[in-house]
Amino acid sequence: MRKRAPKDIIKGSYQGGSKERTFVKIPGQEVRDVTLESLKYLCSSDPDLVDALNLDNKKGYTCIHTHPVEERQYTQGMGSIPSSEDFSHFLADNEKKTMVVVQQNPETGDIEGYYLFRKTKGTQRSPFDFPTEYRRFLKDEKYGEEFGKVYVESAFAKPILEYRNKAFGGPFSTSQPPKQRQEALDELVRTFNLKARYLPAKGFRYDSGTKFSPLGIESKVAAVIALGLISLLSFFSGPLGGKVIKALGGSSILTSITLGGLLILLSLIAYSYLKLSEH
Ligand SMILES: [Zn+2]
């Protein structure tokens, strides 16, 4: 059977509003929804289901969860960037090799962008006996509390708490300047030797330290023009370039006039194409 695309599975699980869902991607398997509790801006995964799926896998897996963030979260809250808890759960569990946080539209469930973090050889191993302790932590409230204290006070968790303070101003997410949030994120990535990528979905761009935003018409036109310019330049600088320039008249003034004209034509085409495609 052909595997379904992760984004179709994630969108297919969406149940409306800002309730988060969580998934795992185990090598060789399809992305699986492992949500136990799905609450507003909060979710938990079913540890027994994850164990069962992960039983024969020795390579580690990818944990995925959604951030269906409402618009006002962007201006008053933390945007859609991963929380300190997200990093705690990821970094404390040595079996989790990659974490993906998915920004999702809270009205349509459409995926707008992905925050990807991959552990490398240089990433510090968690000193905790995961997943055993982690599972107990999830199942046993009293143990969870004790474990939480030990974890928070450990040297391992210190950079994660620093991230929380710098990016969100403490445990209750308040608005911090996006530049500061991105710096905090970069610092955490450096400290744990992670590889990070901020991958916008088609038609979106990454706003540093905040969210993935839809591309405006101007930037779409700019992108098309840039693409046209690149292909044009590579055309003229290729082995054929000299001949073409000669054929066009040979003088450099004439060439730039021709180039300029072509560019204007190209942008007009791009603009009318986008105008049409807007409707
Ligand atoms: Zn999260």
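Report on the accompanying structure. (Residues numbered from 1 in each chain as written. Predicted model: local features only at pLDDT ≥ 70, side-chain atom pairs only at ≥ 80, totals over all residues.)

**Describing the overall build of the chain**
Short version of the rule: Only runs of H or I of at least four residues qualify as helices and only runs of E of at least two qualify as strands under DSSP, and these elements are numbered from the N terminus. As a rule, residues whose C-beta atom has 12 or fewer other C-beta atoms within 10 Å are exposed, those with 20 or more are buried, and those in between are partly exposed; C-beta atoms are placed from the backbone. It is the C-beta atoms, placed from the backbone, that decide contacts: two residues are in contact if theirs lie within 7 Å.
On a plain count of helices and strands, the chain comes out with eleven helices and ten strands. Residues counted as buried form 25% of the 279 residues belonging to the chain. Within the chain, contacts between residues at least 6 apart in sequence are counted, and of these 61% link residues at least 24 apart.

**Details of the packing of helix α7 (residues 158-168) against helix α8 (residues 178-191)**
Quick reminder of the rule: What counts as an axis is a line fitted to C-alpha atoms, over the stretch in contact for a helix, and the angles between N-to-C directions run from 0 to 180 degrees. Oblique is the label for any angle not under 35 degrees, not over 145, and not in the 65 to 115 range, which are roughly parallel, roughly antiparallel and roughly perpendicular in turn. Residues are grouped as follows: Ala, Val, Leu, Ile, Met, Phe, Trp, Tyr, Cys and Pro are nonpolar; Asp, Glu, Lys and Arg are charged; every other residue, Gly included, is polar.
Where α7 contacts α8, the two axes come as close as 8 Å, and the packing angle between them is 170 degrees. With respect to their mutual orientation, α7 and α8 come out roughly antiparallel. Residue-level contacts link P159, Y163, K166 and A167 of α7 to Q180, R181, A184, L185, L188 and T191 of α8. Its residues assigned to classes, the contact of α7 with α8 comprises six nonpolar, two polar and two charged.

**Describing the environment of A196**
Tracing the backbone shows A196 in strand β8 (residues 194-200). Given 15 C-beta atoms within 10 Å, A196 falls into the partly exposed group. In sequence terms A196 and D186 are ten residues apart; their C-alpha atoms lie 8.6 Å from each other. The contacts of A196, once residues within four sequence positions are left out, are L116, F117 and V189.

**Thoughts on the pairing of strand β9 (residues 204-207)**
Note the threshold: Between any two strands, at least two bridges found by DSSP are needed for them to pair.
Pairing geometry for β9 and strand β10 (residues 211-214), over four bridges, is antiparallel. The residue of β10 that forms the bridge with R205 is S213. Between β9 and β10, which pair antiparallel one after the other, the connecting turn spans three residues, and G209 there sits at a positive phi close to 75 degrees.

**A short note on the sheet that holds strand β1 (residues 22-25)**
Hydrogen bonds along the backbone pair up the strands of a sheet, which may run parallel or antiparallel. Strands sit in the order β2-β1-β5-β6-β7-β8 across an open sheet of six strands; the sheet is mixed. Each end of this open sheet is capped by a strand with a single partner; those strands are β2 (32-33) and β8. Of the pairings in the sheet, the one linking strand β7 (residues 111-119) to β8 comprises seven bridges and is antiparallel in character. The residue bridging Y114 from the neighbouring strand is L199, located in β8. Sitting on the sheet, helix α1 (residues 6-13) is in contact with β1, β2, β5 (61-67), β6 (96-104) and β7, with an inclination near 120 degrees to β7.

**Focus: unusual backbone geometry**
With the exception of glycine, most residues fall at negative phi, and the peptide bonds are largely trans. Of note in the backbone geometry, Y41 takes a positive phi value of approximately 55 degrees without being a glycine. Tracing the backbone shows Y41 in the loop between β3 (35-39) and β4 (42-45). Using a count of 16 C-beta atoms within 10 Å as the deciding quantity, one classes Y41 as partly exposed. Positioned with a positive phi, N193 is a non-glycine residue whose angle comes to about 50 degrees. One can find N193 in the loop between α8 and β8. Taking the C-beta count within 10 Å as the criterion, N193 has 12 such neighbours and is therefore assigned exposed.

**Regarding the packing of helix α4 (residues 84-92) against α7**
Our working definition: Crossings are sorted by hand: turned counterclockwise from the far helix by less than a right angle, the near helix makes the crossing left-handed, and turned clockwise it makes it right-handed.
Running from N to C, α4 and α7 cross one another at 165 degrees; their axes reach a closest spacing of 9 Å. Looking at the two axes, α4 sits roughly antiparallel to α7. When the axes of α4 and α7 are compared, the crossing they make is right-handed. On α7, the residues that touch S84, F87, S88 and L91 of α4 are I160, L161, Y163 and R164.

**Some words on α4**
Across the nine residues that make up α4, a large majority, seven, are buried. When α4 is considered as a whole, its buried residues turn out to be S84, F87, S88, H89, F90, L91 and A92.

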